[in-house]
Structure formats: structure tokens, C-alpha cells
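Read off the chains here:
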Amino acid sequence: MTAEQTGVRVQLALDRLAGGGAREAGEELVRELMSFYGEGLAGIVRGLPPHALDSVLDDPAAAGLLVLHELHPEPVGARVERALAALPRAHAGLVGFDPGSGALTLRRAGGGGCGCAGGAEELEGLLACHAPEVTSIVWEREPALLQIGAGPPRADRPGPGGTATARPAEPARPAQPAEAR
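Below is a summary of the structure that appears in this document. (Residues numbered from 1 in each chain as written. Predicted model: local features only at pLDDT ≥ 70, side-chain atom pairs only at ≥ 80, totals over all residues. Heavy atoms only, no water.)

1. A few points about the overall build of the protein
And step 1. Looking only at helices and strands, the protein has five helices and three strands in total.
And step 2. Scored against the burial criterion, the 181 residues of the protein give a buried share of 23%.
And step 3. For the protein, restricting intrachain contacts to residue pairs at least 6 apart in sequence, the fraction spanning at least 24 positions comes to 53%.
And step 4. For the protein, the accessible area works out to roughly 12,400 Å², and carbon and sulfur atoms hold 59% of it. (Helix = DSSP H or I, 4+ residues; strand = E, 2+ residues; numbered from the N terminus. Buried < 20%, exposed > 50% of the residue type's maximum accessible area, 1.4 Å probe, protein only. Contact = heavy atoms within 4.5 Å. Areas by Shrake-Rupley, 256 points an atom, 1.4 Å probe, with all protein chains shown as cover.)

2. What about the sheet that holds strand β2 (residues 103–108)?
And step 1. In spatial order, the strands read β1-β2-β3; together these three strands make up an open sheet with mixed pairing. Since the sheet does not close on itself, it has two edges, and those belong to β1 (92–98) and β3 (136–141), each with one partner. With strand direction ignored, the average angle separating the axes of adjacent strands in the sheet is 25°.
And step 2. Pairing of β1 with β2, which is carried by six bridges, proceeds in the antiparallel orientation. Across the sheet, Gly93 pairs through a bridge with Arg107, a residue of β2. (Pairing = 2+ DSSP bridges. Axes fitted to C-alpha atoms, helices over the stretch in contact; angles between N-to-C directions.)

3. Some details on the pairing of β2
And step 1. Of all six residues in β2, five are buried, a share of seventy percent or more.
And step 2. Strand direction decides the pairing type here: β2 and β3, joined by six bridges, are parallel. Of the residues in β3, the one forming a bridge with Arg107 is Glu140.

4. Notes on the packing of aromatic side chains
And step 1. One pass over the full model with this rule turns up one aromatic pair.
And step 2. A centroid spacing of 5.8 Å and a plane angle of 55° characterise the contact between Phe36 and Tyr37, whose relative ring orientation is tilted. (Phe/Tyr/Trp six-rings, centres within 6.5 Å; stacked < 30°, edge-to-face > 60°.)

5. Structural notes on unusual backbone geometry
And step 1. Positive phi is not limited to glycine here, since His51 has a value of about 70°.
And step 2. Along the chain, His51 falls in the loop between α2 (22–46) and α3 (60–68).
And step 3. If you check the backbone angles, Glu70 has positive phi at about 55° while not being a glycine.
And step 4. Summarising the element assignment, Glu70 is placed in the loop between α3 and α4 (76–85).

As C-alpha cells, then:
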């Protein structure tokens, strides 16, 4: 589609706005402009060498345009990671994404202070630009770490406070003949 063709279609839509079909004409106007810009952007992207877009992928507006026109070179998981990296105080890690439902599962990482969802609105805004396929966020808590000790205290090792601790003696076992072993 050329600029002239788009101009004619836009003018026809504007003419209809003066009449009774304002809503339909407005929607058509938006579709025509989106189509025109999308085709132009696709032509630019096709003409770029590999990795030429890397420097603009962190920009929410540029990333949003590429996603909107299905030209973003990264899969949704990488775009979600990019959005999370742009907001480090979100303290979140990607667990998974279900494309069928649009549910993004994130795990709250340590360091969140009071456990509040700090930056949730900012995160949603970044995800809207970088990964609009995400329609909901499910939060998982990071599993608690278990402290595993070296074993029960022994009489020959100091226990808490530096004192030796005694273990109950094990009952004596009768000696068995060599052939029974």
C-alpha cells in the first residue's frame, strides 16, 4: 500500500465522520493508519542487518511498535525478561507463561523488604509494551530454604556454646561369629 492510497482511504474515512457513521469511520481510520505504518515499519526492519534492532529493544515505545506489528525479533519469554530487567525493584523471576490463557507466572525473589508488590503498576505498564500477550500475572513465593546441619552433636565435638555434648550410649550388640556376618 502506498502513501497515496492510504491518504485516499483516510480522506474517505474523514468524509464519513461528518455523516452518521462516526464510530465505524473512526475505527476504519485507525485500521488504515495502523496498516500503513505497519507496512512501512516492516520494510524498514527487513532492510536492517541482523541485530540492528538490539539497541532499541529496551525502549518501551519502540518495543511496543515492533510487538504491535508482529515484528519484534524476540519470543515472549525474552521480552518478559527484558521488562523485568527494566524494573529491578520488582524482585521477580520468570517461572512460565501460558500462551493459551495469557497468564504469566512470576516468582517473588528475596529482597522485597516488607513483601509488598512494589512497582506492580510499573511492571504491568512495561509488560503491556514489551509483552502484550500477558493478560494476567500469577505470583509464586520463593520457596523457603531449609538449614541442614552436619548431623547431631557428638561427644567429641563441641555443641552450642563450645561445650561438649554427650549422646546417649548405644546398646551393646552381641558379637556374632565370623561365618554369620
